Amino acid sequence: MTDNKQADEDVLRRAAIDRSARLPVLFFFTSAAVWLAISVVLGFIQSVKLYAPGFLDAPWLFFLNYGRSNPAFMGALVYGWAIQAGIGVAIWLMARLCRAEVKNPLTLVVAGHFWNLGVLIGVLGIFAGYGTSMEWLAFPRAVWPILLVAYSLMVVWLITMFQRREPGEVYISVWYILGASFWFPWVYITANVFIHILPGAAVAKAATNAWFMSSMIFLVLAPLGLASAYYFIPKILGRPVYSSQLAKIGFWGLAILGGWTGVQKFMGGPLPAWMPAVSGVAVILLLVPILAIAINHHMTIKGNHSLIETSPTMRFTAAGALAFTVFCILSALSAFFSLGQFTQISQTTMAFQLLAVYGFFSLTIFGAIYFIVPRLVGCEWPSGSRIRLHFWFSTYGIVSLVVLHFVGGIWQAAAYSQFDAPLENAVSAGRPYAIGASIAWASIMVSNVMFLYHLSLMVLRLGRRNENPTLLGHQHPAA
Amino acid sequence: MMSENNENRDYEHKPSVREHASARREKQDPEAGFEPLSLWFFSICAFVLMIGGGYLGAKSAGFDFGSTQVSGYKAGTPPNFTPAGPVLSERDKYLKSGEAVYKTVCNGCHQFNGRGQGQIPPLVDSEWVINGTERMAQIVLNGIRGPITVNGTSYGAQEMPAQKGALSDQRIAQVITYVRERFGGITDAVVTKEMIADARNRHGDRVAQYTAGELAAEDAMLSGEQPAWMNPEADAAEGETSADGKNSGDVKDPAVNDKAPESKETK
């Protein structure tokens, strides 16, 4: 009897927390999904522009040339979609795991508005020709303080929430969220200072840029994505995470090693040899925490694979976690010159970035969104088959994109290294793969424009009025 | 649980059931378990650490800021390697240097095609270029002003400044050789820096620019030996082209002839 009462109280508590988180979390999810839709359309365009510059080539479409659509797409994907959606998930997880209702949601919404304003100015600035040509830092110089201030506001909010937590064990996801809170400002300020404010030699800028991209993946996107995976995998299975020791090894390993990575991209380049060497050893040693995380997730799921069949959250999260492991193994292998010489200056760069940002991070966050949104809006996802399509179009898209860019990049780099052959050979070697990549992009584009539509239906409360969740199996025919 | 068919009735009659349905059906919040670590995990970690240590030792080049290469690296020449680019003869190099001087110093007035502009006389087929080198060296060293007749046309509103302070003997020799070859079609002799040094000794003290009447005679040549690389065989071979190409302006750079009419129109 008391158990039932306790359970009822828990339910009401959870429902109250969800209600309090509704405004900021939905704000971040919807604006992120809009940026995602914009970015995948730009991603498709830039992938076609790579081999067919005449595509969409009207005088008034001057801003769509490859040199602008490519950084604009990456900026919109990383800052518009990835970080913003990650923050949305982090807010909800933080509220749930601290078992405290969201206070001052307006702080978050204001910070979110500034963030979106920054991304908008950034993308329009790139279109207008004011991009900085630094990868992942292509927004015009004036933008980064806006983004930094907006993010800092969210960090202050997250820490205040942490202060208000209910006493007890701090769960793994909270470690990762707090980690990402502090690491993003550190990485972002450092990179901008050494690239925009106190620029050193050109090679130092390039090294800083490579370090920044890698650190963004390992210290910002990875913690946010792993926080989500560590919450939703055991949550949906209803069992504890396999081992807290492995979780600690995974967390501290990532925290210690993540910030050393990136410069291995320039091995053999005009930098002191120890710089790429240290980054190279960092990505190799990262295999230890990655292995710990992978074992932890695998052992937690073990014996319950059927849930991957039915639960959208579980399926997306498991696919994302797998992509993270693959990304880390490929990164470690590329630290060796025998593979690295083919992956440093070719299309493979795109394969790595997309595997991390889309394959790992976005899929994991999709999983979280499919879980969280029904709790915020009080209705269920309208269509299971649409979620299924989103999953398959996304995974087929990203897998073929990564394979094509990776293999195509190896051919391309092999042609580059033929010193006595014309440079044109390298372009034509990569060309068929670039064409294939456009088809994969089309699939990703379709799936995410559909996702935006699906999410809009939910935000407008046009979902199914039902007490059962929308699942992927055939138990619940699409309503 | 699986009451899909009466879901709407539930909603109608008991809204509270649906209201917290998602919060109600979900499982407990996760916590961390306490399974022990397996020995396999530690073995794999040890293996990875070993590889990492070996990697760092092999590639860090002793953490030396000055070394951009891994220790033991030797730059080699790839098989079948031939240095890229054409191999220039000594004479071609001499002319290339002359062209570089022409482009920095003479280009602005006489134009790259050597046809001059307005009151600046042309160099192409000019008797002042084709004939004696003595007076040409005088003009370059000290400059010239006042009326001058070139190819039957009179010029003179513009004056040419002295170049003796700006250019070394070597540079003057190279640019004169270049102008004579390119605009005069003269390929059988070059002007050496010794010749210019001699001319500078004789004329270098002059303060004012020359006027046309003050210059040396039309056929006075600078005296001096031709360099060793101007061997007789090369002379014989190129004598023919000079005979053919003497009055056609430029044989080396056909673009000059194509561009010439255009530049006249724009004037």
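Residues numbered from 1 in each chain as written. Chains lettered and ligands numbered in written order. Predicted model: local features only at pLDDT ≥ 70, side-chain atom pairs only at ≥ 80, totals over all residues. Heavy atoms only, no water.

Colleague: Provide a residue-level description of the overall build of chain A, including the pertinent values.
Modeller: Along chain A, the regular secondary structure elements total 15 helices and 0 strands. Relative to the 2.2 N^0.38 estimate, which gives 23 Å for 479 residues, the radius of gyration of chain A is 22 Å and therefore close to what a compact globule would have. When the backbone C-alpha atoms are referred to their principal axes, chain A occupies close to 85 × 45 × 45 Å. For chain A, buried positions account for 63% of its 479 residues. Across chain A, contacts joining residues at least 24 apart in sequence account for 84% of those joining residues at least 6 apart. Measuring between centres, the 27 positive side-chain charges of chain A sit 3 Å from its 15 negative side-chain charges. (Helix = DSSP H or I, 4+ residues; strand = E, 2+ residues; numbered from the N terminus. Rg over C-alpha atoms; globule rule 2.2 N^0.38 Å. Buried < 20%, exposed > 50% of the residue type's maximum accessible area, 1.4 Å probe, protein only. Contact = heavy atoms within 4.5 Å. Lys, Arg positive; Asp, Glu negative; His and termini not counted. Charge placed at Lys NZ, Arg CZ, Asp CG, Glu CD.)

Colleague: Could you give me a rundown of the overall build of chain B, with the residues and numbers involved?
Modeller: Helix and strand content of chain B: 11 helices and 2 strands. Per-residue burial for chain B yields a buried fraction of 36% across its 267 residues. For chain B, the exposed surface amounts to about 16100 Å²; the carbon and sulfur share of it is 55%. (Areas by Shrake-Rupley, 256 points an atom, 1.4 Å probe, with all protein chains shown as cover.)

Colleague: Explain the environment of Ala204 of chain A to me, using residue names and the numbers behind them.
Modeller: All names here are of chain A. Positionally, Ala204 belongs in helix H6 (residues 202-237). For Ala204, a relative accessible area of 33% translates into the label partly exposed. When the C-alpha positions of Ala204 and His454 are compared, they lie 45 Å apart, and in sequence the two are 250 residues distant.

Colleague: Please give an account of helix H13 (residues 348-377) of chain A that cites residues and values.
Modeller: Residue and element names in this part refer to chain A. In this model H13 runs 41 Å from its N-terminal to its C-terminal C-alpha over 30 residues, within 8% of the 44 Å that 1.5 Å per residue would give. At Leu355, H13 shows its largest kink, close to 35°. Of all 30 residues making up H13, 30 are buried, and the element is well covered by its neighbours. Backbone geometry just after H13 places Gly378 at a positive phi near 75°. (Expected span 1.5 Å × (residues − 1). Bend = angle between axes of the 7 residues up to and from the residue.)

Colleague: Requested: an account of the packing of aromatic side chains, with residues and values cited.
Modeller: Counting across every chain of the model gives 47 aromatic pairs over all chains. Aromatic pair Phe44 of chain A and Phe55 of chain A: ring centres 6.3 Å apart, planes at 90°, arrangement edge-to-face. Of this pair, Phe44 of chain A sits in helix H1 (residues 2-49) while Phe55 of chain A sits in the loop between H1 and helix H2 (66-98); the two residues are 11 residues apart in sequence, bridging distant segments of the chain. Classification of Phe55 of chain A as partly exposed rests on a relative accessible area of 28%. Here Tyr102 of chain B and Phe183 of chain B contribute two aromatic rings whose centre-to-centre distance is 5.6 Å and whose plane-to-plane angle is 50°, an arrangement assigned as tilted. Of the two residues, Tyr102 of chain B is situated in helix H5 (residues 90-110) and Phe183 of chain B in helix H8 (residues 169-184); the sequence distance between them amounts to 81 residues. Using a relative accessible area of 2% as the deciding quantity, one classes Phe183 of chain B as buried. An aromatic cluster is present here, built from Trp81, Phe316, Tyr358, Phe366, Tyr370, Trp381, Phe391, Trp392, Tyr396 and Phe451 of chain A joined pairwise through their rings. (Phe/Tyr/Trp six-rings, centres within 6.5 Å; stacked < 30°, edge-to-face > 60°.)

Colleague: Can you tell me about the interface of chain A and chain B, naming the residues and giving the values?
Modeller: Where interface size is quoted, it is often the accessible area lost as the parts come together. Of the residues lining the interface, 61 residues belong to chain A; the matching set on chain B comes to 49 residues. Buried area between chain A and chain B, summed over both chains or domains, comes out near 4700 Å², and the portion from carbon and sulfur atoms is 61%. On inspection of chain A and its partner chain B, the count reaches 7 salt bridges. The interface formed by chain A and chain B includes 17 residue pairs in polar contact (both at pLDDT 80 or more). (Buried area = accessible area lost by both parts, 1.4 Å probe. Salt bridge = Lys/Arg side-chain N within 4 Å of Asp/Glu carboxyl O. Polar contact = N/O pair within 3.5 Å; in protein donor to acceptor, adjacent residues only side chain to side chain.)

Colleague: With reference to specific residues and values, describe the domain arrangement of chain A.
Modeller: All names here are of chain A. Here chain A is partitioned into domain 1 (1-168), domain 2 (170-303) and domain 3 (346-479). On a C-alpha basis, the centroid separation for the pair domain 1 and domain 3 is 18 Å. The interface is formed by 34 residues belonging to domain 1 together with 31 residues belonging to domain 3. When the two sides are added together, the surface that domain 1 and domain 3 hide from each other amounts to roughly 2900 Å², 81% of it contributed by carbon and sulfur. When the area that domain 1 buries against domain 3 is broken down by residue, the three leading residues are Val40, Tyr51 and Trp81, summing to 20%. The tally of links from domain 1 across to domain 3 stands at 0 salt bridges. Inspection of the region where domain 1 meets domain 3 yields 7 residue pairs in polar contact (both at pLDDT 80 or more). (Domains from an automatic or database assignment.)

Colleague: Mind laying out the side chain of Asn466 of chain A, listing which residues take part and the relevant values?
Modeller: Mapping Asn466 of chain A onto the fold places it in the segment after helix H15 (424-459). Looking at Asn466 of chain A, its side chain comes within polar contact range of the main-chain nitrogen of Asn468 of chain A, at 2.9 Å.

Colleague: Report on the pattern of salt bridges, specifying residues and quantitative values.
Modeller: Residues and elements named next belong to chain B. Under the defined criterion, the tally for this structure stands at 19 salt bridges over all chains. Notably, a salt bridge pairs Lys103 with Glu99, separated by 3.7 Å at the nearest N-O pair. Here Glu99 and Lys103 lie together in helix H5, a separation of 4 residues that amounts to about one turn. Exposure remark for Glu99: the relative accessible area of 18% places this residue in the buried category. Salt-bridge contacts for Glu134 lead to Arg202; the nearest nitrogen and oxygen are separated by 2.7 Å.

Colleague: Describe in detail a nonpolar patch on the surface, supporting the description with residues and values.
Modeller: All names here are of chain A. Nonpolar side chains collect at one region of the surface, where Val110, Phe114, Leu117, Ile121 and Leu153 lie side by side and expose about 390 Å² of accessible area between them. For Val110, the location among the structural elements is in helix H3 (residues 105-127). The partly exposed category is assigned to Val110, whose relative accessible area is 39%. (Patch = residues over 30% accessible without salt bridge, like charges linked within 9 Å, V, L, I, M, F, W, Y side chains within 5 Å.)

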